[in-house]
Structure formats: structure tokens, C-alpha cells
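Fold and contact review
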Amino acid sequence: MTNQEIHLSLSNLSKSYGSVQAVSNLSLNITRGECLALLGPSGCGKSTILKLIAGLELPNNGQIILAGRDITKSTPETRKLGFVFQNYALFPHLSVGENVAFGLNARGKSKSVISEKVTSALELVQLQGLANRRIHELSGGQQQRVAIARALAIEPELLLLDEPLSNLDVALRTQTGQQLRDLIKRLNISTIFVTHDQADAFALADRIALINEGQLQQTGNAIEIYFHPKNLFVARFIGHSNLLPARLIKATSNGLAEYEISSEFHLFAPNVQNVQSKPEVTLRIRPEAIEITSTKQETSLLAKVLNVRFSGTTIYYYLKAQGVELEAVKLTPQTPLEINFLNECWIKIPPDAITVFS
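As a starting point, this report considers the structure included with it. Computed from a prediction, not measured in an experiment: that's the story for all the values here.

Okay, the side chain of Asn99 next. Positionally, Asn99 belongs in helix α2 (residues 96-106). Here Asn99 is in contact with Leu90, Phe91, Leu94, Ile135, Val146 and Arg150, once residues within four sequence places are set aside.

So, about the sheet that holds strand β1 (residues 6-17). Ordered in space as β2-β1-β4-β5, the four strands form an open sheet in which the pairing is antiparallel. Each end of this open sheet is capped by a strand with a single partner; those strands are β2 (20-31) and β5 (69-70). Direction of pairing for β1 relative to strand β4 (residues 61-66): antiparallel, over a ladder of five bridges. Within the sheet, the bridge partner assigned to Leu8 lies in β4 and is Leu66. Against the sheet, helix α1 (residues 46-54) engages β1, β2 and β4, with an angle of about 115° to β1.

We now examine helix α3 (residues 111-124). An α-helix turns once per 3.6 residues; consequently, residues spaced three or four apart project the same way. The end-to-end C-alpha distance of α3 is 20 Å, a good match for the 20 Å that 14 residues give at a rise of 1.5 Å each. Buried residues of α3: Ile114, Val118, Ala121 and Leu122, and no others. One side of α3 holds all its buried residues, which, seen down the axis, span an arc of 95°. Residues of α3 that are exposed and angled more than 90 degrees away from the buried face: Ser112 and Glu116. Looking at the residues trailing α3, positive phi occurs at Gln126, about 60°.

Take the pairing of strand β10 (residues 215-220) next. Relative to β10, strand β9 (residues 207-212) runs antiparallel, the two being bridged by five bridges. When the bridges of β10 are listed, Ala209 appears paired with Thr219.

Next up on the list: unusual backbone geometry. Residues other than glycine seldom take positive phi values, yet Glu155 does so here, at roughly 55°. You can see Glu155 is positioned in the loop between α4 (140-153) and β7 (158-162).

Now for the pattern of salt bridges. Scanning all chains against the criterion turns up six salt bridges. Across the pair Arg207 and Glu34 runs a salt bridge whose closest N-O atoms are separated by 2.5 Å. A residue pair is termed long-range when its members are at least 10 positions apart, and Arg207 in strand β9 and Glu34 in the loop between β2 and β3 (35-39) qualify at 173 residues. For the pair Arg207 and Glu34, one class covers both residues: buried. The shortest N-O distance in the salt bridge between Arg181 and Asp206 comes to 3.1 Å. A residue pair is termed long-range when its members are at least 10 positions apart, and Arg181 in helix α5 (residues 170-187) and Asp206 in the loop between α6 (198-204) and β9 qualify at 25 residues. According to the relative accessible area criterion, Arg181 is partly exposed, its value standing at 21%. Overlapping salt bridges bring together Arg181, Lys185 and Asp206 as one network.

Under the counting rule described, the total for this entry stands at zero disulfides. A disulfide-free cysteine, Cys35 has its sulfur positioned 17 Å from the sulfur of Cys44, the nearest such atom.

Inspection of the entire model under this criterion finds four aromatic pairs. Between Arg309 and the ring centre of Tyr316, over which it is positioned, the NZ or CZ distance is 4.2 Å.

Calculation notes
Residues numbered from 1 in each chain as written. Predicted model: local features only at pLDDT ≥ 70, side-chain atom pairs only at ≥ 80, totals over all residues. Heavy atoms only, no water. Helix = DSSP H or I, 4+ residues; strand = E, 2+ residues; numbered from the N terminus. Contact = heavy atoms within 4.5 Å. Pairing = 2+ DSSP bridges. Axes fitted to C-alpha atoms, helices over the stretch in contact; angles between N-to-C directions. Expected span 1.5 Å × (residues − 1). Buried < 20%, exposed > 50% of the residue type's maximum accessible area, 1.4 Å probe, protein only. Arc of directions from axis to C-beta. Salt bridge = Lys/Arg side-chain N within 4 Å of Asp/Glu carboxyl O. Disulfide = S-S within 2.5 Å. Phe/Tyr/Trp six-rings, centres within 6.5 Å; stacked < 30°, edge-to-face > 60°. Lys NZ or Arg CZ within 6 Å of the ring centre and 35° of its normal.

In short, the description is geometric, and any link to function would need to be established separately.
Spelled out as C-alpha cells, the structure:
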């Protein structure tokens, strides 16, 4: 990442409220045109980061540089940012057009400029012709688009969105999320959005910054974070994982090692460097990596089927092998597997599907 590509830079950013450290020494760069998700559990500090960027809160330490300008202590109205709040913060006594024009009026734009920009912004979010509607006459998805139009009307340097899809039902989330991503890409506008929902982050973001307890845990695209978590928090938070306490027994050939999960349950997995001094480890196994068969194969283990849950596109298997409980998942086949009706099955876990945390 070169300096020419960086549009927003957060350097050693910290914010505390009394004894509570909401953001701790956080550094992060966003490139021009990038859509970045701040992902993490509730109360982890991600909304505070958004407020610090917007100027709604001031940091105790650190620096915020936007397009080469130091905006760390600038007032919100001088930062040229578009902010879409979680509850949209629309004015019910104003029409759609008046809501979109609000920021332009506050900046003293002429009536002709306001009219032109309101029309353009409503066209961008596909709400043309609704300028005279009242907010209560709109659906949730339409209200969200009004809030986005208001943020875009001022032609911001950066678009900030706080939980943009959380108020929508499941069907509308998918449709609106795709429309939002298409709009961001069409405008090539740098965007940061906060979410606690990894499905939203995976669907909308070019890159994800995973936050916990005010600290940056990992950044990367969805594939990198899903398959290569840097620590146990990321492994627990992203997707579903089998996390198994284990002990290193011995190193073997081909960069592998033997790990003991129970006296009767041993697995071969990557040999992590320096694990010799700390033989106690945690093995992470994704449910979809566990191979299930109805017949015994080489190196396979016998498992008892505790429960089977069908969820449409996938089937979840809850298993117990050598006293160890595991969750496995498979895509639903055209014809249900025989395993659905058996009390036992055979499982196989490839070594390269196991991540070792020392």
C-alpha cells in the first residue's frame, strides 16, 4: 500500500470514557474507493471509531488524516463526510426532498444548486419522483436510501455508515445490501461501515477490520480472515469452529506434528514453530472441513451421530468421536445421504484443514 493510495489514515488512535478504554492505540489505513467494514461484537469500540472519524467524538491520543488533511480536531461540518446513522435520523416533519437537502441548506447552498443536487442524489438511490413524500409513507429500505441520499448530496470525501442493514428484514437486507455495494462501487467513494454481522461484512466489504475491546485484531478480505485467523478471538468470531484443547506429542515428517486431544483421539496437524516450549495448544477445525462417510477409510475415525439438523442448503451433523464432540456440515445433496438415518458414521479430518494456536 503506497502513500498515494491512502485516503484515510488512523494513527495510534485512543479514546477512553473515564476508566473505560473504548479504543486503544488503533492504526488503520483506507485506500481511495475502498469499502471497509469495522466488524466486531457489541461494545467492542467500532462505533466509537466511526464517531472519532466523523468528529462526533475527539480522541485522547492519535491522529486522523483524510486526503492529506489533518482532521483530528476539526469540527464535523468541516470534515466533508457523509454519515448515515443506524436509525437513519430522518426528520419526520420534512419531506424526502427536504431531508436530502438538509446538509446543503446548512452549508448555505443556493436554491438552484440544492434542487439539482437533491434530484441527482435521489436518482443515485433510485428514489426519483419521491421528493414530496413524507418519511412515514416509505418502507424501511426506502428510508435507508433517503438517509444515504442525504449523505451523498453534499458530495463527501468519505461515506460513514453505522449498522446500515440492521433495521431491515432478512429478505430486504440481501437486496438492499447488493444495491448499496453497487452504488458505492459506481461512485468509487471511500466507505467505512460498522457491523456486528459477519454476513453483512462479507457481502459488502472489500476488506474487513476485526475489532475487539477497542483493539484491531486482524485486517484482510473475507477469504483471508475466514481461512487464516491470526488468533483465537478471530477463529471464534468468524464462522463456526470446532476449538479443541490439545497437547503436542511429537513432530513428524512433512512439517506435521501429532497432537493428543484425548487418550484415544489423536490428530496430525501443522507443526507450529516454538510450540515445543508450550505443548498445550488449541486446534481449530472448520465444520465443513470434516469429511463424513458411511464406510471406513484409511485414517478415519468412528463417530456417533448425536443429532442432524437440516437447514435447506446445508445439513449440520453433531457428532461424538472418542469422547470428543464435533460439529460437521455438508452441502445438501440431491438425494439425502444414508448417514441421515444412521447412528454412526466415519469421519476424516485432513491435516491442512486444521489451524494450530499455541
